[in-house]
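Each chain is listed here by its residues.
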Amino acid sequence: MSNQITLQDCTLLITDGKHGDCKNQDSSGYYFISSKDVKDGVINYENARQITEIDFTDTHRRTRFAPNDILITNSGTIGRMAFARDIPETLRTTFQKSVAIVKPNSAVVFPKWLYYQLLFDMGRISDLASGTAQKNLLLKDLRAIKLSLPSLLTQQKIAAILSAYDDLIENNLKRIKLLEEMAQITYEEWFVRLRFPGYESTPIDSATGLPEEWKRVTLGEVVSNFDRMRVPLSSTQRLKLKGSYPYYGAASVLDYINDYIFDGKYLLMGEDGTVITPNGTPSIQFVNEKFWANNHTHILQGQKISTEFLYIYLSQYQISNHITGAAQPKINQQNMNRIPMLLASDHLMKKLDCILIPIFESVFNYKNQNQLLREARNILLPRLMTGKIDVESYNPADLLKEVA
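A few points on the structure. Just so it is clear, the model here is predicted, and its values are computed rather than measured. Note on numbering: residues in each chain are counted from 1, in written sequence order. Where totals are concerned, whole chains, interfaces and linings use all residues; where local detail is concerned, this predicted model gives features only for residues with pLDDT of at least 70, and gives and counts side-chain atom pairs only at 80 or more. Side-chain numbers here rest on the full set of heavy atoms in the structure, without hydrogens or water.

### Comments concerning the overall build of the chain
- Helices and strands together make up the secondary structure of the chain, namely 11 helices and 19 strands.
- Dimensions of the chain along its principal axes, counting C-alpha atoms only, are 80 × 50 × 40 Å.
- Within the chain, buried positions represent 47% of all 404 residues.
- Across the chain, every contact between residues at least 6 apart in sequence was considered, and the portion connecting residues at least 24 apart equals 75%.
- Carbon and sulfur atoms form 50% of the exposed surface of the chain, whose accessible area is close to 20000 Å². Only DSSP runs of H or I reaching four residues or more are called helices, and only runs of E reaching two or more are called strands; each is numbered from the N terminus. Buried residues are those whose accessible area, probed at 1.4 Å on protein chains only, stays under 20% of the maximum for their type, while exposed residues exceed 50% and partly exposed ones sit between those limits. Residues are treated as being in contact if the distance between any of their heavy atoms lies within 4.5 Å. Calculation of accessible area relied on Shrake-Rupley with a 1.4 Å probe; when residues are assessed, cover is drawn exclusively from the protein chains displayed.

Written as structure tokens, this is what we have:
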């Protein structure tokens, strides 16, 4: 039996983040999250802003973010969610007003079940958002959301089933991170420390100061640019084209639509808006799929180098000298094309690709697995929440048949 209850009645706190800004402090370990950092159930800390301890302490008094809390983006892109994990970063995290916190009352509701329930209800919750230039979900509307609350035992069983999928996704994300770190370490060993295979016997060219047959080029000399093929779509247009193909912006997937322009392996580099990470590197996305892209991200492929090498190189390149504009940062094609690059001999570049390409094949395989896991979980989600699948007599084999 389920009881009708409002979201406010089963939570300890529902509020948004700071209505103002904080002072940046790189490597402080105190995070100031915005809506772009909330995606696919987790907080992406990789490019999150870090702020002073004083500003964090002041803002944290309002948000009190802790493990088992739920974040919902409530401005701009409505309804992206994250569930707070029990990791050190959580207790050193606060957020901007574009993100709302829902703090479950564990005496009334099982926190992970509430996360999945809100995920299930996100369609109707997003419909409550108002505004023309920018959609906003008001806190009073969020607090008034009505839920059907099953017994705590049933909540725990539903959460356990769905969490099994998310646990696999998280494990794959850890594997992806390790693989990318492996690729980055290999690049740094060869191109920064110059300890490449055969470095002991490789002569240094007196004219260039580089190992023999190495050369300096610019990015524009070694990539193909597909910016002319970009087609921006307004949020109204995208609403009419809902589908399964990602629609990319400068720093992330903004939506999913029913058509695509590009198909294959590309590097996306932010052109305006979000163009630089807190680490000073360019905002880049390495994709291998069918997708659409707006006009805020450059679309690149390696021409005389592999796209894998291009990704690794730009992942460590300090981009600030190529950015123009104060109110709206921009990296135009001319400035992007001037990015200097160091290439090894043709033999070594091929040898490096023999390492990098298989690494990123594994990365993309894990990403594809995660997409399938999300799809399987999303098939189960409405069936579990509406009682179509009886969790009291739950049998894993039967559940697999349901998904199939």
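### Considering the sheet that holds strand β15 (residues 253-257)
- In this analysis, strands are considered paired if DSSP registers two or more bridges between them. As summarised here, the arrangement of the 6 strands in space is β13-β18-β16-β17-β14-β15, forming an open sheet in which the pairing is mixed. The open sheet has two free edges, formed respectively by β13 (223-225) and β15, since each of these has just one partner strand. Within this sheet the neighbouring strands show an average axis-to-axis angle of 40°, counted without direction.
- The sheet contacts of helix α8 (residues 307-316) involve β13, β16 (262-270), β17 (284-293) and β18 (297-302), and relative to β16 the element is tilted by about 20°. Helix axes are fitted only over the stretch in contact, all axes being lines through C-alpha atoms; the angle between N-to-C directions runs from 0 to 180 degrees.

### Let's talk about the nonpolar core
- Nine residue types can take part in a nonpolar core, namely buried Ala, Val, Leu, Ile, Met, Phe, Trp, Tyr and Cys, and a core is a set of them joined through side-chain atoms within 4.5 Å. The biggest cluster of nonpolar side chains holds 43 residues, and the ones touching the most others in it are F191 and F309.
- Elements with a contribution of two residues or more to this core: α5 (152-192), α6 (219-222), β16, β17, α8, β19 (340-343) and α10 (346-385).
- Looking at which element gives the most residues to this core, the answer is α10, with 8 residues.
- In contact with F309, not counting residues within four places along its chain, are Y187, F191, M341, L342, L343, M349, L352, D353 and L356.
- Counting 40 residues, the second largest nonpolar core, distinct from the first, contains L114, L147, I158 and L162.

### Some thoughts on the pairing of strand β14 (residues 242-248)
- Relative to β15, β14 runs antiparallel, the two being bridged by 5 bridges. Looking at the pairing, Y245 lines up with I257 of β15.
- Once β14 ends, the chain turns through 4 residues before running back antiparallel as β15.
- Relative to β17, β14 is paired through 2 bridges, and the arrangement is parallel. Each residue of the ladder has a partner; that of Y248, found in β17, is A293.

### Here we look at unusual backbone geometry
- The phi angle at L194 is positive, at roughly 55°, despite the residue not being glycine.
- Along the chain, L194 turns up in the loop between α5 and β12 (215-218).

### Describing the pattern of salt bridges
- Salt bridges are defined by distance alone: a side-chain nitrogen of Lys or Arg within 4 Å of a carboxyl oxygen of Asp or Glu. Applying the stated rule across the entire model yields 20 salt bridges.
- Two residues, R62 and D16, come together in a salt bridge whose shortest N-O distance is 2.4 Å. With R62 in helix α1 (residues 53-63) and D16 in strand β2 (residues 11-16), this residue pair connects regions lying 46 residues apart in the sequence.
- The exposure class assigned to R62 is partly exposed, which follows from its relative accessible area of 36%.
- For K36, the salt bridge goes to D37, with nearest N and O atoms at 3.0 Å.
- According to the relative accessible area criterion, K36 is partly exposed, its value standing at 34%.
- Within the structure, one salt-bridge network assembled from shared partners comprises D227, R230, E271, D272 and K330.

### Thoughts on a negative patch on the surface
- By definition, no residue in a patch forms a salt bridge, and every one has over 30% relative accessible area; like charges are joined within 9 Å, nonpolar side chains (Val, Leu, Ile, Met, Phe, Trp, Tyr) within 5 Å. Charge assignment: positive for Lys and Arg, negative for Asp and Glu; neither His nor the chain ends contribute. Every charge is mapped to an atom, namely NZ of Lys, CZ of Arg, CG of Asp or CD of Glu. A surface patch of like charges, here negative, comprises D205, E212, E213 and D346.
- Structurally, E213 is set in the loop between α5 and β12.

### Notes on the side chain of R377
- Locating R377 in the fold gives a position in helix α10.
- Excluding residues that lie within four positions of it along the chain, R377 makes contacts with Y116, L119, L162, Y165, D166 and I169.

### Details of the packing of α5 against α10
- In the contact formed by α5 and α10, the axes pass within 9 Å of each other and the chain directions differ by 165°. Taken as axis vectors, α5 and α10 run roughly antiparallel relative to one another. Viewed along their axes, α5 and α10 form a crossing whose handedness is left-handed.
- Classifying every residue of the contact of α5 with α10 by side-chain character gives 28 nonpolar, 5 polar and 7 charged. Working definition: roughly parallel below 35 degrees, roughly antiparallel above 145 degrees, roughly perpendicular at 65 to 115 degrees, and oblique for all remaining angles. Handedness of a crossing is defined here by the sense of rotation of the near helix relative to the far one, left-handed for an anticlockwise turn of less than a right angle and right-handed for a clockwise turn. Residues were grouped as follows: Ala, Val, Leu, Ile, Met, Phe, Trp, Tyr, Cys and Pro as nonpolar; Asp, Glu, Lys and Arg as charged; and all remaining residues, including Gly, as polar.

### Description of the packing of aromatic side chains
- Within 6.5 Å between ring centres, the rings of Phe, Tyr and Trp (the latter by its six-membered ring) count as paired, and their orientation is classed by plane angle as stacked under 30 degrees, edge-to-face over 60, tilted in between. A complete count under the given rule lists 24 aromatic pairs for this structure.
- On the basis of an interplanar angle of 65° and a centroid distance of 4.7 Å, the ring pair of Y31 and Y45 is categorised as edge-to-face. Of this pair, Y31 sits in strand β3 (residues 31-33) while Y45 is found in the loop between β5 (42-43) and β6 (49-50), placing the two residues 14 residues apart along the sequence.
- Counting every residue linked through ring pairs, the aromatic cluster contains Y187, F191, F196, Y199, W214, F309, Y313 and Y317.
- Remark: a charge is flagged as sitting over a ring if the NZ atom of Lys or the CZ atom of Arg is within 6 Å of the ring centre and within 35 degrees of the ring normal. The ring of Y30 carries R92 above its face, with NZ or CZ at 4.1 Å from the centroid.

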